[in-house]
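Chain by chain, the residues run as shown.
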Amino acid sequence: MIFELVSIVLSILFIVHYLYYIITSLIKDYRPKMQSEDAKFIKKRFKGGMIEPHPTEPSIIVNYKLEAAVYGDKDVSDPMLADKKDCQRIIRLKTLNTKTDVAALAREVVDKCDLIHKSQLSDVEQIIYFLKNRKVSRDSGVSSLKSASVRSKSEARVLDKVNNDVDKASIRNIDDYIELLYEELPERIRGSAYILQLARNPDNLEELEKNEAVLSALSRVLREDWRKSLDLTTNIIYTFFCFSTYTHFHSVIVQYKIGSLCMDVIEYELKRYEQMKQDLDKRKNAENGGKDMNKSQDNLDGTIMNVEKPKEMEPPRRRIPELKQRPKSGNWSMANSMVSSSSSSSLMKAYSMNNSYHEGLSKELQNNSNGNSTEDLKNDPKRQKDEIERLSKQLKTFAKKQEQLLRVAFYLLLNIAENTKLEEKMRRKNIIKMLVKALERQNIDLLVLIVTFLKKLSIVRDNKDEMKELNVIEKLPRLLQSSHSDLIQATLKLIFNLSFDGQLRAKMVRIGLLPKLVQFMSEDKHHAIVIKILFHMSLDDKVKVVFTYTDCVPMLTDMLLLNLNKKSDIDLIALGINLALNKKCAQKMCENNRLKDLIERAFKYRDALMLKMIRNISTHEELRKEFMEFVDDFAKTINECDEEDFLVECIGVLGNMLLPELDYSQILQAHGLIPWMRKTLIPGNAKDDIVLDTVVFLSTCATNDELCAMLLCKAEVILSLIELLKAKQEDDEMVLQIVYVFQQVLRNESTRNYIIKETEAPAYLIDLMHDKNVEIRKVCDFCLDIIAMTDSNWASRIKLEKFRNHNSQWLTMVETQESDDIQDYGAVEDDDTDLPVYLTSDYLTQIYQSSNEDSVDGRTPSNSSFSRPMSRYSKDFEDFDILKSSQSQEMIEPFPVN
């Protein structure tokens, strides 16, 4: 019975399990059908990522993320299905060659590729520059990434000298190459050359990064043996340089402290070369001066030929992770079998020839010192001369090998300087001093790299100040004389960064850099950066006149006139605006009827910036007569022009036309400018720039023509100025120019009474007499002197106000002392001890309120100038003859207290 029940239960369980399996299968088959039926649209989104050069082709690899989501009708915010995927897009630069304009091509790539943001333009330009100058190795049939610098053929041969003597390296034999690093110096050079071959292939970098044995062995050999061989040091630093070309591998450089080692190597090599050069020069001088040959030879043997590094220059030991035991890579015979006997012998030969300049030269001199070699050299001038020439050639050979090492080391530091913290560490270890010292070298590719590094560092103020102390400016003119365009371009960019400093700009002018810069204005590649540098130089007023001794001003004017675009180049016209403020530069701009062409072009294209340059030209009194024939055109444009910037400059030019030959009353009436002026002077109707220039124009009209001043009074323009003065009391510039208009109107007898009796101008002038602005006070004092001379009623008020203003502190002191005496001692009955009645505040107030007091004595207005006050829109003019005979106003001194 029990058995039957168990069998029944098992049967039921089997059936249930089978049904569950069938139901789940049906659900799985049915769900996708429902999703596919409910899905209505797919939404894609692209997210840009890192940009990098293609390892083998002239192409740019753009990494980006693709995010896709499937949505239905019901809920758009909740996708039915979403996924992300990392993708790449390859942009092939088919037109890339050695003559390609890198900046233009970079802009084209950014404009056409929607995955690259405009902020990445500089990165794209750097990658294209790298691809443009990259050399491709075809020995193995696979392209390899050598470096991101410009490499000449001769330099590449020097760099690959050792690599050409070894067999083709394979990543499978990496353990054997590590084994070579633990042998003698020739084997270490050979092992480093094998590893360098692997590192120059970007596909091997990731695997080499994971191999701790390789990196530890390389760092150990570099730290211990970098003084023994230039080839060994160059190979190892070049290997780490291959890692530095990618930001992802910068952690390898930091972990093994290669950057610090590179700086030690650079410092030592620069000092060693400098010492060798000095000693060779001493030997030459000793020969020419007839000095003792034995002493010169001893000095040379003790310095140039000393292979050992001084103890004080020994780099500090660093704790760099190393393997605890030497790696085993099989039998040494296996490693020897990899290299043929011919390659091994050639490598040994290369080592013996190129290992160390010091060793070879030292041994040779030691051999010569045996016997009577020194005595023979001393007695034979010809042999002595030949010996010096031979040593000079050897020094040049050594310099070429050393420059290759310096170039790789500097480039590695430049790559890791992307990290600002590492850059700051380099600055503290005097990287700038090393770079400036290396500017004396002759290798073009090394100089391009050094100048590029300095340009990067110069954007930091501390670095710029250090370059100033090291006189880097004095070393740059030599670089501009090179025929290498990339070196010139890099040097100009460095000069541009340094030109933001005023002292450095002055130094550039003193060393004669300005004429050299002007020569590059006509070259398309350097034109843009040169114009920016010249603009910075033109900011200094004392430097503007130096431009007249070059061809800059005529070339600049011709470039503006021959421009095919409607608007002028912003940098070019900015330079012209600055130079036009100098009289001699402005005269050169007007030569050969260029002024007429400039005005015609400005009106044709409504170019406000060009008209601003013309306005600056009009500020010079000697050149104003050349504008006579164009005055009607400027006046006509005021009512017709809708562009505010252009209108401001037109009014400004008319405001500068202080010419007695012009009949401004006729000009104002002929072109209907009076209604336009009244409308413009209404507060709030126009921008402040237009209003201010209109006020300046009014002062010019009133100064030149008395009839025009009467016309302004009859048209109630003066009343409009008073209303404007009320509204713009806080604007010192506006107040200054309005008061100057009052001064010019008061000069004329026919309009003086109108100002005094029919307007509120005198009362406002009295208030402005105490203004904080010195220029405003000067013009107000002059106007009040004229009013006091004309009207006796106003004269008493003006005299009293000046008295109160001049003696305000003294009066306050007297009143305070009087109140203290009354408080302490009571009222004093003795009239003799009282202050005079004319010193009391009540009496002074009574006088100020009365209009029928004593008349003004025969004072004449002070010998003030009728010149236009200083402002940002005008310059000083000469004094007028009307006040030449006037006397200076006497100073009112406080009365003594009895």
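Owing to the predicted nature of the structure, the values given are computational and were not obtained by experimental measurement. (Residues numbered from 1 in each chain as written. Predicted model: local features only at pLDDT ≥ 70, side-chain atom pairs only at ≥ 80, totals over all residues. Heavy atoms only, no water.)

(A) The confidence of the model for the chain, seen in detail. Model confidence for the chain is summarised by a mean pLDDT of 77, while 71% of its residues fall at 70 or above. Here residues 136-165 is modelled with pLDDT under 50, and outside its nearest four sequence neighbours on either side it reaches 69 contacts, counting other chains as well. In this model, residues 871-898 is a region of pLDDT below 50 whose contacts with residues beyond four sequence positions or in other chains number 65 contacts. (pLDDT = per-residue confidence, 0-100. Contact = heavy atoms within 4.5 Å.)

(B) Examining helix α34 (residues 644-656) more closely. Between its terminal C-alpha atoms α34 stretches 19 Å, which fits the 18 Å expected from 13 residues at 1.5 Å a residue. With eleven of 13 residues buried, α34 is to be regarded as a mostly interior element. Inspection of α34 places Phe646, Leu647, Val648, Glu649, Cys650, Ile651, Gly652, Val653, Leu654, Gly655 and Asn656 among the buried residues, and these make up the whole buried set. Elements in contact with the buried residues of α34: α31 (594-605), α32 (608-618), α33 (631-640), α35 (664-670), α36 (673-681) and α37 (688-704). (Helix = DSSP H or I, 4+ residues; strand = E, 2+ residues; numbered from the N terminus. Expected span 1.5 Å × (residues − 1). Buried < 20%, exposed > 50% of the residue type's maximum accessible area, 1.4 Å probe, protein only.)

(C) A look at a nonpolar patch on the surface. On the surface, Leu5, Ile8 and Ile12 cluster together into a nonpolar patch covering about 290 Å² of accessible area. Looking at the element boundaries, Ile8 is found in helix α1 (residues 2-38). For Ile8, a relative accessible area of 47% gives the class partly exposed. (Patch = residues over 30% accessible without salt bridge, like charges linked within 9 Å, V, L, I, M, F, W, Y side chains within 5 Å. Areas by Shrake-Rupley, 256 points an atom, 1.4 Å probe, with all protein chains shown as cover. Salt bridge = Lys/Arg side-chain N within 4 Å of Asp/Glu carboxyl O.)

(D) Region of the structure containing the pattern of salt bridges. Within the structure shown, the criterion is met by 34 salt bridges. Among the ionic pairs, Arg441 bridges to Glu403, the shortest N-O distance being 3.6 Å. Pair noted here: Arg441 is in the loop between α19 (431-438) and α20 (444-457) and Glu403 is in helix α17 (residues 381-416), with a separation of 38 residues, a long-range link. For the pair formed by Arg441 and Glu403, the shared burial category is buried. Measuring nitrogen to oxygen at the nearest pair gives 2.7 Å for the salt bridge that ties Lys544 to Asp541. Taken together, the residues span about one helical turn, with Lys544 and Asp541 both in helix α27 (residues 541-544) at a distance of three residues. Under the relative-accessibility criterion, Lys544 is labelled buried at 4%.

(E) Expanded view of unusual backbone geometry. For Asn593, which is not glycine, the phi dihedral falls at a positive 60°. By the element assignment, Asn593 lies in the loop between α30 (583-590) and α31. On the basis of relative accessible area, Asn593 is assigned to the partly exposed category, the value being 48%. In this structure, Glu716 takes a positive phi of about 60° despite not being glycine. By the element assignment, Glu716 lies in the loop between α38 (706-714) and α39 (717-727).

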